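Chain residues, written in single-letter form:
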Amino acid sequence: MKSPIPDYLGRVLEEARPFDSGQPASYIDVLAQADTSRSAVAVATVDGSVYSAGDDEVDFSIQSISKPFVYALAIQDQGLAYVLEKVGVEPSGDAFNRLSLETGTNRPMNPMINAGAVAAHALVVSTNATVDQRVDRILQALSRLAGRQLKVDEAVYAAELKDANRNMGLAYMLKAAGMISCDPQEAVRGYIRQCSINVNVRDLAMMAATLSNGGVQPVSGERVISQESVRQVLSVMTTCGMYNSSGDWIASVGIPAKSGVSGGIIGALPGQLGLAVFSPRLDEKGNSVRGVIMCKQLSNDMGFHMMDVSQIAGASVRSWTATIAGGSKQPNACRQAVAVFELRGAVRFAGAERLTRAVMNEIGKSRPNSGSGPGLGKDAHVCAVMFSFRNTYSLNDVARRLIHENIRRLSTTTNVVVIDPAGVLKMPLDSKQEGEFRQVRVVTSEAEARDHIGGMGCRVVPNEDSL
Ligand code: GLU
């Protein structure tokens, strides 16, 4: 069977093709001569599948789409605090090449406009690195993100450098304001080389998918960008990525994105996928006309809008009581009740809070004036509490901490068994914390949990109210 996804992408592309308004960027002559019939779209998942349609192997210069990645490298090389002293994070609403700095701090407004991008470029490797060292670092990092060796397009580089007065002006302004310490001309030469790196939509989709995957390249499994940088980069892409139509974009498409003057756009949907589109005709804001149409279509059809509140807390809690019957320790069966809590899904704070609430209702509610001792919940009499994480796909940090704390508190008065075959709960193992959890038994199956509570070979009989 053929996957329906490339066919769908092909349809999205054909529907955008009739839109032929706009012009390719005119200020770089190589770009002005671009073949305007070219169009392509690609989607890459966070586990490394890439789907594409159209001119998906045609290379074009990355231009401003390099900016978020170079910002990430600057953060990695200098630390976020230092980068924030040199480049702000406020949307400017101005044209990308505006000669302006933030009043008061003298920082460029954000790293997605040229002034901020030149300043970010000058922070890569170190503040006194050479052009070659910076460009080499950037080229290698972008290649690792794309999953293939990329190259600088020398014709684009030469064309842009010969008319770089505006970017030179920006760099001298940055130097005068103390925002870069290297030679302004070197900063611009390096920045223009960075913009002249050739990519295709499949490369870009994979680079975006790396951001969506928290900085780990989906195919190689290599961490190319730190988690801290990813969050910062996706945030500025959300507020500043689409030139001065960033507000309209985030409201209508709803995906952190970055666009470039050669007609490419990337979108990175956190935790899900990266997408890329390409077509050289630009609208008056500088974004690819067909590219924007394709992204709107994809977002609508596929439910990609980040702010679409269609899924409320994707975790569920089931709780029931069962009776322990038989077993070697208690052959005549204790016939005592066990409370079972099962947590399903990808659990964050909301799911962990639901589990906490269920535990409070069933077991918790300590007696007045007694910090410990059995609680007053309807199942407070149980002889043991079982937590099952067999169907828990993942827990984030806050969910894990909250559940640990529930277990710790419960284990001071009750026998607690945790079923966690995949180890998602990561019960603390260092000796101090181990002491706190000494009453807790972590097992990998229901049978082991039963054996622990009622002795070898016992059974758990579900109570009628749980059926
Ligand atoms: N090389 C371009 C410039 O600095 C990049 C602009 C862009 O893609 O927005 O003018």
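Residues numbered from 1 in each chain as written. Predicted model: local features only at pLDDT ≥ 70, side-chain atom pairs only at ≥ 80, totals over all residues. Heavy atoms only, no water.

J.: Tell me about the side chain of Ser279, residues and numbers included.
T.: Topologically, Ser279 is positioned in the loop between β7 (273-278) and α13 (289-302). Note on Ser279: relative accessible area 1%, which makes it buried. Polar side-chain contacts of Ser279 include one of 3.0 Å to the backbone oxygen of Arg38. Beyond its immediate stretch of four places on either side in the chain, Ser279 contacts Thr36, Arg38, Ser39, Gly263, Ser288 and Arg290. (Helix = DSSP H or I, 4+ residues; strand = E, 2+ residues; numbered from the N terminus. Buried < 20%, exposed > 50% of the residue type's maximum accessible area, 1.4 Å probe, protein only. Polar contact = N/O pair within 3.5 Å; in protein donor to acceptor, adjacent residues only side chain to side chain. Contact = heavy atoms within 4.5 Å.)

J.: Describe the site of the ligand, listing the residues and the values that go with them.
T.: Around the ligand, the neighbouring residues are Tyr27, Gln63, Ser64, Phe96, Asn114, Glu160, Asn167, Tyr191, Cys195, Tyr243, Gly260 and Val261. Contact between the ligand and Asn167: an oxygen atom at 3.1 Å from a side-chain N or O atom of the residue. Burial of the ligand by the surrounding chains reaches 99%, relative to a free accessible area of 290 Å². In terms of residue class, the shell around the ligand is built from 6 nonpolar, 5 polar and 1 charged. (Near = heavy atom within 4 Å. Areas by Shrake-Rupley, 256 points an atom, 1.4 Å probe, with all protein chains shown as cover. Nonpolar A, V, L, I, M, F, W, Y, C, P; charged D, E, K, R; others polar.)

J.: Give me the lowdown on unusual backbone geometry, citing residues and values where you can.
T.: Residue Tyr243 is not a glycine yet carries a positive backbone phi of 50 degrees. The class for Tyr243 is buried, based on a relative accessible area of 8%. Phi at Lys426 is positive, roughly 45 degrees, even though this residue is not glycine. Of note, Lys426 is situated in the loop between β12 (415-419) and α16 (431-436).

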